[in-house]
Amino acid sequence: MKKKTRPRKRRRKNLGSVPGTMTYTGSKTEQEFYIEVIDFSKEQCSRTVYNDVKDVFRYAEEENTTWINVNGLHNVEAIEALGKYYKWHPLVMEDIVDTFQRPKIDEFEDYLFVVFKMIYYDEERLVTEHLSLLMGQGYVVTFQESKTDVFDDLRKRIEENRGRVRGEKSDYLLFVLLDAVVDHYFLVIENLGDKIEDLEDILFEENDVDISKDILNLKKEILRIKRSVFPAREIINRIEKTDFSLIEEHTRNYYRDLYDHTIQVVEYVEVYREMILSLMEMYMGTISNKMNNVMKVLTVIATTFIPLTFIAGIYGMNFDNMPELHGKYNYFVLMGIMLVIFIAMLLFFKKKKWL
Amino acid sequence: MKKKTRPRKRRRKNLGSVPGTMTYTGSKTEQEFYIEVIDFSKEQCSRTVYNDVKDVFRYAEEENTTWINVNGLHNVEAIEALGKYYKWHPLVMEDIVDTFQRPKIDEFEDYLFVVFKMIYYDEERLVTEHLSLLMGQGYVVTFQESKTDVFDDLRKRIEENRGRVRGEKSDYLLFVLLDAVVDHYFLVIENLGDKIEDLEDILFEENDVDISKDILNLKKEILRIKRSVFPAREIINRIEKTDFSLIEEHTRNYYRDLYDHTIQVVEYVEVYREMILSLMEMYMGTISNKMNNVMKVLTVIATTFIPLTFIAGIYGMNFDNMPELHGKYNYFVLMGIMLVIFIAMLLFFKKKKWL
Amino acid sequence: MKKKTRPRKRRRKNLGSVPGTMTYTGSKTEQEFYIEVIDFSKEQCSRTVYNDVKDVFRYAEEENTTWINVNGLHNVEAIEALGKYYKWHPLVMEDIVDTFQRPKIDEFEDYLFVVFKMIYYDEERLVTEHLSLLMGQGYVVTFQESKTDVFDDLRKRIEENRGRVRGEKSDYLLFVLLDAVVDHYFLVIENLGDKIEDLEDILFEENDVDISKDILNLKKEILRIKRSVFPAREIINRIEKTDFSLIEEHTRNYYRDLYDHTIQVVEYVEVYREMILSLMEMYMGTISNKMNNVMKVLTVIATTFIPLTFIAGIYGMNFDNMPELHGKYNYFVLMGIMLVIFIAMLLFFKKKKWL
Amino acid sequence: MKKKTRPRKRRRKNLGSVPGTMTYTGSKTEQEFYIEVIDFSKEQCSRTVYNDVKDVFRYAEEENTTWINVNGLHNVEAIEALGKYYKWHPLVMEDIVDTFQRPKIDEFEDYLFVVFKMIYYDEERLVTEHLSLLMGQGYVVTFQESKTDVFDDLRKRIEENRGRVRGEKSDYLLFVLLDAVVDHYFLVIENLGDKIEDLEDILFEENDVDISKDILNLKKEILRIKRSVFPAREIINRIEKTDFSLIEEHTRNYYRDLYDHTIQVVEYVEVYREMILSLMEMYMGTISNKMNNVMKVLTVIATTFIPLTFIAGIYGMNFDNMPELHGKYNYFVLMGIMLVIFIAMLLFFKKKKWL
Amino acid sequence: MKKKTRPRKRRRKNLGSVPGTMTYTGSKTEQEFYIEVIDFSKEQCSRTVYNDVKDVFRYAEEENTTWINVNGLHNVEAIEALGKYYKWHPLVMEDIVDTFQRPKIDEFEDYLFVVFKMIYYDEERLVTEHLSLLMGQGYVVTFQESKTDVFDDLRKRIEENRGRVRGEKSDYLLFVLLDAVVDHYFLVIENLGDKIEDLEDILFEENDVDISKDILNLKKEILRIKRSVFPAREIINRIEKTDFSLIEEHTRNYYRDLYDHTIQVVEYVEVYREMILSLMEMYMGTISNKMNNVMKVLTVIATTFIPLTFIAGIYGMNFDNMPELHGKYNYFVLMGIMLVIFIAMLLFFKKKKWL
Ligand SMILES: [Mg+2]
Ligand SMILES: [Mg+2]
Ligand SMILES: [Mg+2]
Ligand SMILES: [Mg+2]
Ligand SMILES: [Mg+2]
Ligand SMILES: [Mg+2]
Ligand SMILES: [Mg+2]
Ligand SMILES: [Mg+2]
Ligand SMILES: [Mg+2]
Ligand SMILES: [Mg+2]
Ligand SMILES: [Mg+2]
Ligand SMILES: [Mg+2]
Ligand SMILES: [Mg+2]
Ligand SMILES: [Mg+2]
Ligand SMILES: [Mg+2]
Ligand SMILES: [Mg+2]
Ligand SMILES: [Mg+2]
Ligand SMILES: [Mg+2]
Ligand SMILES: [Mg+2]
Ligand SMILES: [Mg+2]
Ligand SMILES: [Mg+2]
Ligand SMILES: [Mg+2]
Ligand SMILES: [Mg+2]
Ligand SMILES: [Mg+2]
Ligand SMILES: [Mg+2]
Ligand SMILES: [Mg+2]
Ligand SMILES: [Mg+2]
Ligand SMILES: [Mg+2]
Ligand SMILES: [Mg+2]
Ligand SMILES: [Mg+2]
Ligand SMILES: [Mg+2]
């Protein structure tokens, strides 16, 4: 194997640092940083955007339920200030800005910390976004690298007071946030299913398109989706079963429903994984089959004409004494013999079903 | 890979909506909507068909056991009205009309909610139908997209008072309903087994039929069957083991028997899955074997005649001085030499078992 | 895929019937029906054959241990009468005559119900026989489709008072019956091992035998054996661990020993399954290797002679002015050149190790 | 498939016999039978060899710890006499002489019964030896088919009072015996690793050696090793966790250490299994790659010369009127054209990277 | 298979020895032996290097937390002396110098014993280093074969009093040591990912590079990484869950975080393993596809010209009476016919999409 590694940069910039050190490991350092606050109770609802993290602190004191949505993980200082105000654990702070952190849930005495991955297709390219959620008495704080449209519907629902969010506490707010993410998983999965069907169509209809690269790429997409999506199942299950006091009894039904959806996501991914494996197998069968057909054509033609050409070669020789050459009808007799051989050959191949 | 995606419609129409929103996600919107009610006790039995959901409410009050069979999930309003009357949870209502909902069981305080999939072959095409069952004190309500013949036998059995249904409560009614669905699974599985045997026959008997597409399609059918059928096992097991008060002790024997049947279904599907994998493998072996035979014919013929043709070519050259051409018997000597070479070649291939 | 399904009959005749309905689902309807009773205590032993089921009832009353062996499942009425006399559950009765019932164990208050499969080779064909065993205070009743020789040894042992059966109760009688069946499994497995070794021998010794069909058939046999044999392990384990009062403490040692044997059976089947997979893989390797060799012969011969033939063709052309043709030794010079080319080719192929 | 089964003998001679019947199922019936007794305490140690089993009985009475090593399982009577003296269970006695018995542990009230397999390579052939160990108060009795060198080191250690055995009880003696067997497993595994590396070397260095048979044989060896070695892990774990009174607390550390080693053995076997699978896969890739190269040579040569030969054939025709033949330089012009075609072909193949 | 085993040395030198015997099983016997001691409290920190083990004993008495880092496992006597001073179990001592010991954790009354593997790439070669850690009241002792740079950062952090180590006890010191090792795992994994991407690039871009050897080598690297890395997950989990008194409550959060990282490592290894499998599969597809293309070129050229050459051969025969030869335009007519055949052939192949 020839060396051809282009110099690659270290990806995990936080290796070897002091545990609890906040290092943003993503690449979106040019984003605008802002904090969107949606503060609501049954009766009223306000939505404000701030750029300074200190303006947000006051929401911790009041009675309403507050969704604080922080956009831009590169502003480590601001996030650290928020975390210190809320007294979150340093390891939590580290994970909020570590985009390599896998989905997980950590339970602390007075707050829950959830890491999720948002996935979507951006012009055929699968994108994974790091999402952290912190839920405590009266608040859910979400952290994301940049604005996505996953929560757009939800935002409107809260403002227009559709659904039950306005009348519920932060445990239900956490649920609807996670529910929005999981609903987005289905979009990715439908897209994936379409791609597989396209490949199948190509395999059956067109000729000689090399789809092995596409299959490999789909496999890699499925591996990435699995890694983002499968842990979600266990996380939701743990929220539903937890004895954490802020999760109220009647909200558990909703988490159970969400759990159901995560199972469905997992099932679909597994099914598509098996289908991709079958596709590759079928592709191999198709290639072999085609080669077989090519070989048959070559064999039929070559095998039929090579002996005839030899015979013609015999009578093209220049020996002085070749008595066969001199009979008046010998040429025609030979042509007849060749025809018989030719037809016999064809019948032989017909019998072998090669024709 | 060339883009050839035909525009596809979004399949899951309920993504992003408020949890508990009822959205019919299937495609059977032109069906007639009607409710069939079979109301029975040990002594009597009535069967009535209604189109207005309000006519059905009165059955909730009386003492008999009632099977309310709702046909047509597109009539979301009627189903919602029924659900409100019976006070079922909004998430249950959502799942009744969500045909993507996977099989599951949810236990509530005074009712059980079961989602099952009916599967059958409709002219060689595998069809999956969404079926929801709600069992409470004195009633079982079933919801399906359109009329199927899965429950025909059962309906007759109740009316003719065959079997034990008329003398039992709603827990036994739920059992016979699920039993009818599971019995139908076996029909699908027998059909699947026949298809696999057909493919095997083709593989061994006929020549050169490309069955890789059929194999792929069977694999996809098996994946779909698995998804519908495998959860049934766990669901029945949970009903048998539940401490839900409406399931009486002596009925558990029947659920245990049904559980046994679901295990059998799962086993068969697994066996057929393995057989399909073997079929594909064998198909590959068959192709390779055939190509081998084609190659041998080509090689034997080409390898035998090519050197002979070369020799003939030699004596077809027009050099002035080629002494061999002038002997009286040289032509015959050469023909003899060629014959010897020819026979030696044949013996060589005979020894190699290529002939 | 061309349709070529021969019309197939429905196999499971009991689908859709009332739960507890006895329907014989096998095909041995022409067997003689008879009941063999072996009644024994430590001191005495009698063996009698009856055709009428009512003659057997009296054995239920007396003190001895009785083995009632019913042959012929098609006589549903007789079996039903026996079941009613012993008060077995209707679902048990259904399973006794349902040859599709998988191996299982059901514990009732005063009897155990065990379904097992006997397997044996009948002239190279693998046969599965349905066997039901009911064990209660003082009796074991066995039901089989037709007489097999699995219990012949055991019958003699009881009559000749060899071993401990005569001194033990029905729990030990059940053990020796199951032990006889499991011992038979080993015969099947030895047969299977022989078949695999035969295939291996063919693969390594003979040339060009297409064994893919044999491999597929062996795989299918293994799938059938698995289905019959694997559940036995769990069943025996449950008997050993049960708190069913009729299983005495000192008999558990024997069930533990039997459990050990079922594990061994399972292990062998797994090993043979892996070996069959390897065989198929090796077969593919062998085919590819052979084709490689065929190709090399073709390539060496064709590649050596085709250029030479071209040269001969050049000097067979009839141009008026071809100076090379007229030198006195040019023919010999050309022959020399051709020889050099020929030898160079051979050396080239030698270096490539194709010769 | 042609029948070519050489008549094979029944291997399991104990099938169908009365449970508890002692039947030696191995083939080493010509061995000398003898019993080696090593009797020791902290202060003294004696080693004696007996041929009569009755001479051994007296060791049961005295205070020392005794290792009784019985060689030769074919002497069923002697072993039975020993078993009766020690009051071991008949099923234990059966398993001592049943070489097909898989590794296992049975706990009885006052003794432990362990079956292990010793494995080693005897001139490249993998040999499995049946080993039974019975440990009770003051004794360990081992049974093996014939003398092996597995315990030689241990014997010396006891006599020379190295290590802790002399100062410990029978629980530690059992440990050092099992430890010696497990240490031997590592030798087999190192041997296996060497074989795999050899195959790899062949695959990468030499040309055209068919190693599929070697791969198959290695796979079969691994299957046999797995069957002997994997159960050891669970057995040691159970000894360590047992509440059997004779296993003292401080000895458990040693069993834990041994357990660690069995895990390591299992891990190595799994790793080698995966490597063998990869080897076969790579072998297939290698074959395909080679065939590709063969095909390319054929194609380049044939494709280049076949059109040229055709052209030469044209001008070898004998038509009266072929004007091209008569120009003075036409022959040289044609030769030039052919050269151009030839070079164009080579450039084409160069571009395709076939040259 | 030809024997070509180069004589290989026994690798595990400690087989068959007395349990608890210390035998260094590695190969680094020429290293310098030294002990580095970092002794610290919140206020102060000293770092000293010793060559005599006795100089280290005094650290056991004082109050500070001490990290004793022993380099060079070949100095078995020194290590034994240290072990005796600290009263560690002989089996622990054996494992410290046994480089074959797999990762594990053993809990003793007053100390924890952890075995880990450090892995890193040394000029493209994957290196595994044996690391033992002993943690007790006030100390952590680490043993490694030779100096690595895994702990360099950590050493500096302690001396410069960055992070929390200086203010914590030995439980946190153990954590930061293990954390440093696990962080190093990620470096290996990134390297592995780069290698896979390189292979992918080669597969898609360049032609005809045989990468099967590279794939095999990557597979073997992954197997080795798995063996070193996977047990780490379980070990960290056990430290977090242990009730060992020295692990304080607030430190468990850190072990939980570390556990999270080990899961991530495991996930990546699994993903890369699947990708390698897919690569091999794709490589096979690529080869088959290429061969198909080669065959098509051969078939098109050969099949087109072979019949034409035959026709030319006919008219090159020397029969006296071949009327076709004498017509004035027959040569041109024949050339025309040949052209038609030629074009027909091309159209045929065009239709088959072989051109
Ligand atoms: Mg860190
Ligand atoms: Mg990521
Ligand atoms: Mg992290
Ligand atoms: Mg991740
Ligand atoms: Mg939802
Ligand atoms: Mg739902
Ligand atoms: Mg929703
Ligand atoms: Mg569906
Ligand atoms: Mg839903
Ligand atoms: Mg579904
Ligand atoms: Mg049923
Ligand atoms: Mg499932
Ligand atoms: Mg049943
Ligand atoms: Mg039924
Ligand atoms: Mg059957
Ligand atoms: Mg049944
Ligand atoms: Mg069955
Ligand atoms: Mg037995
Ligand atoms: Mg036994
Ligand atoms: Mg027996
Ligand atoms: Mg054996
Ligand atoms: Mg046995
Ligand atoms: Mg065994
Ligand atoms: Mg050891
Ligand atoms: Mg150890
Ligand atoms: Mg040792
Ligand atoms: Mg190592
Ligand atoms: Mg060790
Ligand atoms: Mg290791
Ligand atoms: Mg860390
Ligand atoms: Mg973390």
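An unreviewed UniProt entry lists chain A under the name Magnesium transport protein CorA, from Sinomicrobium oceani. Per its UniProt entry, chain A bears the Sequence similarities (unreviewed entry) comment "Belongs to the CorA metal ion transporter (MIT) (TC 1.A.35) family." Database annotation for chain A, UniProt heading Function (unreviewed entry): "Mediates influx of magnesium ions."

Asker: Explanation requested: helix α4 (residues 170-205) of chain A in the structure shown.
Answerer: Each full turn of the α-helix corresponds to 3.6 residues, which orients residues three or four apart in the same direction. Taking 1.5 Å of rise per residue, the 36 residues of α4 of chain A would be expected to cover 52 Å, and the 53 Å separating its terminal C-alpha atoms lies within 8% of that figure. Most of α4 of chain A sits out of view: 31 of its 36 residues are buried.

Asker: Explanation requested: the interface of chain E and chain D in the structure shown.
Answerer: Much of the literature gives interface size as the accessible area that the parts lose upon coming together. Each partner contributes to the interface: chain E provides 68 residues, whereas chain D provides 72 residues. With both chains or domains summed, chain E and chain D bury close to 6,600 Å², and 59% of this area falls on carbon and sulfur atoms. One can count 5 salt bridges joining chain E with chain D. Among the ionic pairs, Arg102 of chain E bridges to Glu267 of chain D, the shortest N-O distance being 2.5 Å. Applying the counting rule to chain E against chain D returns 19 residue pairs in polar contact (both at pLDDT 80 or more). Those elements that provide at least two residues to the side of chain E that touches chain D are α2 (90-96), α5 (212-241), α6 (249-314) and α7 (330-351) of chain E. With 18 residues, α6 of chain E is the single largest residue contributor to the side of chain E that touches chain D. Split by residue class, the side of chain E that touches chain D holds 31 nonpolar, 14 polar and 23 charged.

Asker: Explanation requested: the confidence of the model for chain A in the structure shown.
Answerer: All names here are of chain A. Put simply, chain A has an average pLDDT of 92, and 97% of its residues get 70 or more. Mean pLDDT values for the elements of chain A range from 93 in helix α3 (residues 152-159) up to 97 in strand β7 (residues 139-144). Both scores are given for the predicted complex: the pTM is 0.90, the ipTM 0.88.

Asker: Hey, could you run me through the pairing of strand β5 (residues 111-122) of chain A in this one?
Answerer: The two faces of a sheet get side chains in turn, since along a regular strand they alternate between them. Residues and elements named next belong to chain A. The buried fraction of β5 is high, at 11 of 12 residues. In this structure, the hairpin formed by strand β4 (residues 104-107) and β5 is closed by a connection of 3 residues. Pairing between β5 and strand β6 (residues 125-136): 12 bridges, direction antiparallel. Paired with Lys117 across the strands is His130, a residue of β6.

Asker: Got a minute to help me understand the environment of Ile239 of chain D in this structure?
Answerer: Its location among the elements puts Ile239 of chain D in helix α5 (residues 212-241). Apart from residues lying up to four places away in sequence, Ile239 of chain D is in contact with Ile105, Val114, Leu174, Leu178, Ile247, Arg252 and Tyr255 of chain D.

Asker: Sorry, what's going on with the packing of helix α6 (residues 252-314) of chain A against helix α5 (residues 212-241) of chain B here?
Answerer: Between two packed helices, both the angle of their axes relative to each other and the distance between the axes serve to describe the pair. Where α6 of chain A contacts α5 of chain B, the axes come no closer than 10 Å and their chain directions differ by 170 degrees. With respect to α5 of chain B, the axis of α6 of chain A lies roughly antiparallel. For the pair α6 of chain A and α5 of chain B, the contacting residues are Glu267, Tyr268, Val271, Glu274, Met275, Ser278, Leu279, Glu281, Met282 and Thr286 of chain A in the first and Ser212, Lys213, Leu216, Lys219, Lys220, Leu223, Lys226 and Arg227 of chain B in the second.

Asker: Help me out: how do you make sense of the relation of the copies chain E and chain D in this one?
Answerer: For the pair of chain copies, the relating transformation is a rotation about an axis with a translation along it. The two copies are related by a screw operation: chain E maps onto chain D through 72 degrees of rotation and 0.0 Å of translation along the axis, at an RMSD of 0.1 Å. As the rotation angle and translation indicate, the two copies are arranged about a five-fold axis. Scanning chain E for the C-alpha nearest the rotation axis identifies Gly316 of chain E, at a separation of 4.7 Å. Little of the interface of chain E is mirrored in chain D, where only 15% of its interface residues are also at the interface.

Asker: How should the sheet that holds strand β1 (residues 34-40) of chain D be read in this particular structure?
Answerer: Consider a sheet: its strands pair through backbone hydrogen bonds, and that pairing is either parallel or antiparallel. All names here are of chain D. Strand order in the open sheet formed by 7 strands is β2-β1-β3-β7-β6-β5-β4, and the pairing between neighbours is mixed. Edge positions in the sheet fall to β2 (45-50) and β4 (104-107), since each has one partner strand and no second. Averaged over all adjacent pairs, the angle separating strand axes in this sheet is 15 degrees, with direction ignored. Bridge count for strand β6 (residues 125-136) against strand β7 (residues 139-144) is 6 bridges, and the pairing is antiparallel. When the sheet's bridge partners are listed, Leu133 is paired in β7 with Thr142.

Asker: Can you help me understand the nonpolar core in this one?
Answerer: Membership of the largest hydrophobic core comes to 500 residues, with the highest contact counts inside it found for Phe116 of chain A, Phe116 of chain B, Phe116 of chain C, Phe116 of chain D together with Phe116 of chain E. Apart from the residues lying within four places of it in its own chain, the contact partners of Phe116 of chain A are Pro103, Glu129, His130, Leu131, Leu133, Leu178, Val181, Val182, Tyr185, Ala232, Ile235 and Ile236 of chain A.

Asker: Quick question: what am I supposed to make of unusual backbone geometry here?
Answerer: Of all residues except glycine, most have a negative phi; of all peptide bonds, most are trans. Positive phi is not limited to glycine here, since Lys353 of chain C has a value of about 60 degrees. If you trace the backbone, Lys353 of chain C turns up in the segment after α7 (330-351).

Asker: What is the right way to read the packing of helix α4 (residues 170-205) of chain B against helix α6 (residues 252-314) of chain B from this model?
Answerer: Residues and elements named next belong to chain B. Orientation of α4 relative to α6, taken along the N-to-C sense of each, is 15 degrees, at an axis distance of 10 Å. The orientation of α4 relative to α6 falls into the category roughly parallel. Along this stretch, α4 crosses α6, giving a crossing that reads as left-handed. Per-class residue counts for the contact of α4 with α6 are 25 nonpolar, 5 polar and 3 charged.

Asker: Please explain the interface of chain A and chain E as it appears in this structure.
Answerer: The partner chain E presents 72 residues to the 68 residues of chain A that form the contact. For the pair chain A and chain E, the summed buried area comes to about 6,600 Å², and 59% of that belongs to carbon and sulfur atoms. Seen at the junction of chain A and chain E, the total is 6 salt bridges. Note that Glu274 of chain E is salt-bridged to Arg273 of chain A, the shortest N-O span being 3.6 Å. Inspection of the region where chain A meets chain E yields 21 residue pairs in polar contact (both at pLDDT 80 or more). The element best represented in the side of chain A that touches chain E is α6 of chain A, accounting for 18 residues.

Asker: How should the pattern of salt bridges be read in this particular structure?
Answerer: Pairing is possible between side chains that carry opposite charge, provided their charged atoms lie close to one another. Residues and elements named next belong to chain E. Within the structure shown, the criterion is met by 107 salt bridges over all chains. Glu80 is the partner of Lys84 in a salt bridge, and the nearest nitrogen-oxygen pair spans 4.0 Å. Separated by 4 residues within a single helix, Lys84 and Glu80 lie in helix α1 (residues 76-86), roughly one turn from each other. A residue is classified by how much of its surface remains accessible, and Lys84, at 63% relative accessible area, is exposed.

Asker: Looking at this model, I keep getting lost on a nonpolar patch on the surface. Mind explaining?
Answerer: Residues and elements named next belong to chain A. Together, Tyr329, Phe332, Val333 and Ile337 line one region of the surface with nonpolar side chains, adding up to about 400 Å² of accessible area. Tracing the backbone through its elements, the reader meets Tyr329 in the loop between α6 and α7 (330-351). Tyr329 gets classed as exposed once you look at its relative accessible area, which sits at 53%.

Asker: Would you mind going over the packing of aromatic side chains with me for this structure?
Answerer: What describes a pair of aromatic rings is the distance from one ring centre to the other and the angle between the planes of the rings. Taken as a whole, this structure holds 110 aromatic pairs over all chains when the rule is applied. On the numbers, 6.5 Å between centres and 55 degrees between planes, the contact of Trp88 of chain D with Tyr111 of chain D is tilted. Of this pair, Trp88 of chain D sits in the loop between α1 (76-86) and α2 (90-96) while Tyr111 of chain D is found in strand β5 (residues 111-122), placing the two residues 23 residues apart along the sequence. An identical accessibility class is assigned to Trp88 of chain D and Tyr111 of chain D; each is buried. Through a chain of ring-to-ring contacts, three or more aromatic side chains come together here, namely Phe57, Tyr85, Tyr86, Trp88, Phe108, Tyr111, Tyr139 and Phe143 of chain A. Cation over ring: Arg227 of chain A sits above Tyr268 of chain E, and NZ or CZ is 4.7 Å from the ring centre. Between the NZ or CZ atom of Lys213 of chain B and the centre of the ring of Phe204 of chain A, over which it lies, the distance is 4.5 Å.

Asker: Please explain the UniProt feature "transmembrane region" (unreviewed entry) in chain A as it appears in this structure.
Answerer: All names here are of chain A. Following the UniProt record, one finds the feature "transmembrane region" (unreviewed entry) at residues 297-317 and 329-349. In the segment residues 297-317, helix accounts for 86% and strand for 0%; the C-alpha atoms at its two ends are 30 Å apart. Segment residues 329-349 splits into 95% helix and 0% strand. End C-alpha atoms: 31 Å apart.

The rules behind each value
Starting afresh in each chain, residues are numbered from 1 along the sequence in its written order. Chain labels run from A onward and ligand labels from 1 onward, assigned in the order the entries are written. A pLDDT threshold of at least 70 governs which residues receive local features in this predicted model, and a stricter bar of 80 or more applies before side-chain atom pairs are shown or counted, although totals over entire chains, interfaces and linings include all residues. Excluded from the side-chain calculations are hydrogens and water; all other atoms, namely the structure's heavy atoms, are used. UniProt positions are given in the numbering used here, feature names are shortened, and annotations may be inferred rather than shown by experiment. Helix and strand definitions here come from DSSP, where helices need a minimum of 4 consecutive H or I residues and strands a minimum of 2 consecutive E residues; each element is numbered from the N-terminal end. The length a helix should cover is 1.5 Å for every residue beyond the first. Partly exposed residues are those whose accessible area sits between 20% and 50% of the maximum for their type, while under 20% is buried and over 50% is exposed, using a 1.4 Å probe and protein chains only. Residue contacts follow a heavy-atom distance rule, with two residues in contact if any of their heavy atoms lie within 4.5 Å. Here's the idea: put two parts together, see how much 1.4 Å probe accessible area each one loses, and the total over both is what we call buried area. Whenever Lys or Arg places a side-chain nitrogen within 4 Å of a carboxyl oxygen from Asp or Glu, that contact is recorded as a salt bridge. In protein, a polar contact means a hydrogen-donor-capable atom and an acceptor-capable atom, both N or O and within 3.5 Å, with residues adjacent in sequence counting only if both atoms are side-chain atoms; elsewhere, any N or O pair within 3.5 Å suffices. Gly falls in the polar group here, along with every residue not listed as nonpolar (Ala, Val, Leu, Ile, Met, Phe, Trp, Tyr, Cys, Pro) or charged (Asp, Glu, Lys, Arg). pLDDT is defined as a per-residue confidence score from the predictor, taking values between 0 and 100. Two strands qualify as a pair provided DSSP detects at least 2 bridges between them. Think of each axis as a best-fit line through the C-alpha atoms, taken over the contacting stretch in the case of a helix, with angles from 0 to 180 degrees between the N-to-C directions. Comment on the angle field: the value is read as roughly parallel under 35 degrees, roughly antiparallel over 145, roughly perpendicular from 65 to 115, and oblique elsewhere. A least-squares superposition brings the copies together, and it is based on the C-alpha atoms of residues with pLDDT no lower than 70 in both. Here, the term nonpolar core denotes a set of buried Ala, Val, Leu, Ile, Met, Phe, Trp, Tyr and Cys residues that are joined through side-chain atoms within 4.5 Å. When the near helix sits turned anticlockwise from the far one by under a right angle, the crossing is termed left-handed; a clockwise turn instead gives a right-handed crossing. Every patch collects residues that have over 30% relative accessible area and no salt bridge, joining them within 9 Å if they carry like charges and within 5 Å if they are nonpolar side chains (Val, Leu, Ile, Met, Phe, Trp, Tyr). Accessible surface area values rest on a Shrake-Rupley calculation with a 1.4 Å probe, where residue burial reflects the displayed protein chains alone. Stacked, edge-to-face and tilted labels apply to pairs of Phe, Tyr and Trp rings (six-membered ring for Trp) whose centres lie within 6.5 Å, assigned for plane angles under 30 degrees, over 60, and everything in between, in that order. In this scheme, Lys NZ or Arg CZ marks a charge over a ring once it lies within 6 Å of the ring centre and within 35 degrees of the ring normal.

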